[in-house]
Amino acid sequence: MLDFVTALWLGFVGACIGSFLNVVAYRMPRGMSVVWKPSHCPKCGHDIRARDNLPVLGWLLLRGRCRDCGEPIAPRYAIVEGFVGIAFFGLAYIELFSGAANLPDALADPVGALDSVVNPNWELLTLYGFHCLLLSLLMAMGLIDQDGQRIPWSLPLFAGIVVTAGLAYECWYLYPERTRNIHVWEWKAPFDALFGAMWGAVAWSIPQLVLRRRSSPAMKRFLRNAAIASAVTGAFLGLRPVVRIFGLWLGGIIAARGLRNAMKVRLSPLLVLWGVTLLHLSLWGRLSDLFSW
């Protein structure tokens, strides 16, 4: 029961973060502050009341309409909140309470909420927070790309600061598949993050250079956004994980195109990246055993 209640609380925190990511995705590409102005209806300008700002539940109680003017509120807001909340909830069981048993090398025996959150295990909490932050950044980038906007440089800059801080505090356990080509142990994790970021960026920068004269503005924007999101993923997870995620991502993009043709639903490839990254985090150890080199 303690595990469930704690995971439910973490899921609620994730849903609140999902609500904030909706704001980030709308405001940042337009140069608006994500801090100073409260959430408001874009039609009538009324601030959203605190009781209506509850993740998912607020949208359901309002029946998808503004309380003041009746303007429809896109279901996307509740969907994003729900998916981020579910990801935080699931990752709590998969990673935090299991002692990071999802990784190639577990950090501890299965500990549950009592010995990971109530009695804090800071390594597990840092790992869980690190991966939840990655999922949050990827969701924000995916929503921005879904809207046909360019990802602001402030997002990858923030990601770089977080990764640098983790490495500065010598949190080597954040990179369980540290590069084998570096023989100085203290440099393995930093170079793994660097190689992962470089590979993630180059994987999409090469087609961007090759197609620069033939591609449409929309394709150029997508390739740029994909390179940024892939580089951030590599910086957080390392070289080998980002290569595996890239393969899963290509398969997911093909599946998303099939969904678009069948159901007329357009899904940004960067949102597909969010899904396959969550899948990789959940099955990291098994995928490492299956695709090891």
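The structure we're discussing is the one just above.
I will try to describe carefully the structure that is included in this document. All values derive from a computational prediction rather than experimental measurement. Every chain is numbered independently, its residues counted from 1 as its sequence is written. A pLDDT threshold of at least 70 governs which residues receive local features in this predicted model, and a stricter bar of 80 or more applies before side-chain atom pairs are shown or counted, although totals over entire chains, interfaces and linings include all residues. Heavy atoms throughout the structure, all of them, feed into the side-chain values; hydrogens and water do not.

Regarding the overall build of the chain
Basically, it comes down to this: By definition, any uninterrupted DSSP run of H or I lasting at least four residues is a helix, any uninterrupted run of E lasting at least two residues is a strand, and each is numbered from the N terminus. Computation of the radius of gyration draws on C-alpha atoms, with the globule rule given as 2.2 Å multiplied by the number of residues to the power 0.38. Here the term buried applies to any residue with accessible area under 20% of the maximum for its type, exposed to any over 50%, and partly exposed to those in between, with areas from a 1.4 Å probe on protein chains only. Contact between two residues is taken to exist if any of their heavy atoms lie within 4.5 Å; hydrogens are not considered. Only the protein chains shown count as cover for residues, and all accessible areas are computed by the Shrake-Rupley method using a 1.4 Å probe. The sign given to each residue is positive for Lys and Arg and negative for Asp and Glu; His and the chain ends receive no count. Charge positions come from single atoms, namely NZ of Lys, CZ of Arg, CG of Asp or CD of Glu.
In terms of helices and strands, the chain carries 11 helices and 0 strands. Helices and strands appear in the chain in the N-to-C order α-α-α-α-α-α-α-α-α-α-α. In terms of overall dimensions, the chain is globule-like: its C-alpha atoms have a radius of gyration of 20 Å, near the 19 Å expected for 293 residues. In terms of principal-axis extent, the alpha carbons of the chain reach across some 65 × 60 × 40 Å. Taking all 293 residues of the chain together, 45% fall into the buried category. Within the chain, residue pairs in contact and separated by at least 24 positions form 66% of the contacts whose partners lie at least 6 positions apart. Of the accessible surface of the chain, which amounts to about 15,200 Å², a share of 66% is contributed by carbon and sulfur atoms. When the 27 basic and 18 acidic side-chain charges of the chain are each reduced to a single mean position, those positions are 17 Å apart.

Quick notes on a nonpolar patch on the surface
Note the following rule: A residue counts toward a patch only above 30% relative accessible area and without a salt bridge, and it is joined to like-charged neighbours within 9 Å or, for Val, Leu, Ile, Met, Phe, Trp and Tyr, to nonpolar neighbours within 5 Å. Think of a salt bridge as a Lys or Arg side-chain nitrogen and an Asp or Glu carboxyl oxygen that are within 4 Å of each other.
Residues Met1, Phe4, Val5, Leu8, Tyr93 and Ile94 make up a contiguous nonpolar surface patch of about 590 Å² in total accessible area. Listing elements by their share of the nonpolar patch, those giving two or more residues are α1 (2-27) and α3 (76-96). Among the elements that line the nonpolar patch, the one with the most residues is α1, at 3 residues. Along the polypeptide, Tyr93 turns up in helix α3.

A short note on helix α8 (residues 217-237)
To keep things clear, this is the line we draw: One less than the number of residues in a helix, times 1.5 Å, gives the span that helix is expected to have.
Between its first and last C-alpha atoms α8 spans 30 Å; for 21 residues at 1.5 Å apiece the expected length is 30 Å, and the two agree. Among the 21 residues that make up α8, 17 are buried, leaving the element largely enclosed by the rest of the structure. Following α8 by one or two positions, Gly238 adopts a phi angle in the positive range, close to 105°.

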